[in-house]
Amino acid sequence: MMAAVLAGLLGCSSSGARPTSTVTAADTADQVIEGFSHYVTAEGIRRTRIDADTAYFYEPSQLATLRHLRVTFYDPKGAESSHLTAENGSYRWQDGAMDAAGNVVVTTTDGKRLRSEVLKFDNKKNEISTDTLFRFDRGDEHLVGTSFRSDPDFKNIVTDRPRGVAGKGMLLPGQQ
């Protein structure tokens, strides 16, 4: 009998503290959508189309967290003007603002390309911006700087501390 009690006590020995469960976005989201697609319009004209592999919606904050983000921007007439890709992002339902992060690339239909690790889109201003290092390419011209602000078509660009190669006359701030 003593052997049975001893075997029982040894069998119940603790192996130490057990880790608590990990809370993920899918556990706390109010809704999870795989294959998410959403159009943002203004006065009946398409402004953006947002696609993501997965979207996590949080109703109290009106925020959606997006994985493998793809955004199509449209010009004022509704024609495609540029495309954004990023590893992840967020979308705020109340104002249509977006943030993109992780290998962000914006490419216009005529071949201009912006690369950064972080990018913001202000829907009300129709403006993309970053406060981090960026690289902007247009053909043989390459521009690097520490901040960037522009419309999604790259027609009105403002940058801080620009440097680069302007092969065919890319005008930098203060030049004519």
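Look above for the structure.
Residues numbered from 1 in each chain as written. Predicted model: local features only at pLDDT ≥ 70, side-chain atom pairs only at ≥ 80, totals over all residues. Heavy atoms only, no water.

Student: Residues and numbers for the overall build of the chain, please.
Tutor: Helix and strand content of the chain: 2 helices and 12 strands. The linear arrangement of helices and strands in the chain, starting from the amino end, is α-α-β-β-β-β-β-β-β-β-β-β-β-β. For the chain, the residues scored as buried account for 36% of the 176 residues in total. Long-range pairs, those at least 24 residues apart, make up 33% of the contacts in the chain between residues at least 6 apart in sequence. A total accessible area of about 11000 Å² is found for the chain, and carbon and sulfur atoms account for 51% of it. (Helix = DSSP H or I, 4+ residues; strand = E, 2+ residues; numbered from the N terminus. Buried < 20%, exposed > 50% of the residue type's maximum accessible area, 1.4 Å probe, protein only. Contact = heavy atoms within 4.5 Å. Areas by Shrake-Rupley, 256 points an atom, 1.4 Å probe, with all protein chains shown as cover.)

Student: Explain unusual backbone geometry residue by residue, including any values.
Tutor: Positive phi, close to 55°, is recorded for histidine 68, a residue that is not glycine. Tracing the chain through its elements places histidine 68 in strand 3 (residues 63-74).

Student: Just give me the short version of the side chain of asparagine 123, but keep the residues and values in it.
Tutor: Following the sequence through the fold, asparagine 123 ends up in the loop between strand 6 (113-122) and strand 7 (127-130). If we skip the residues at most four places from it in the chain, asparagine 123 touches Val40, Arg47, Asp95, Gly96 and Ala97.

Student: Explain the pattern of salt bridges to me, using residue names and the numbers behind them.
Tutor: Scanning all chains against the criterion turns up 7 salt bridges. Of the charged contacts in the structure, one is a salt bridge between arginine 70 and aspartate 53, with a shortest N-O distance of 3.2 Å. In this pair, arginine 70 is assigned in strand 3 and aspartate 53 in strand 2 (residues 45-58), connecting sequence segments 17 residues apart. Classification of arginine 70 as partly exposed rests on a relative accessible area of 35%. The exposure class assigned to aspartate 53 is partly exposed, which follows from its relative accessible area of 37%. (Salt bridge = Lys/Arg side-chain N within 4 Å of Asp/Glu carboxyl O.)

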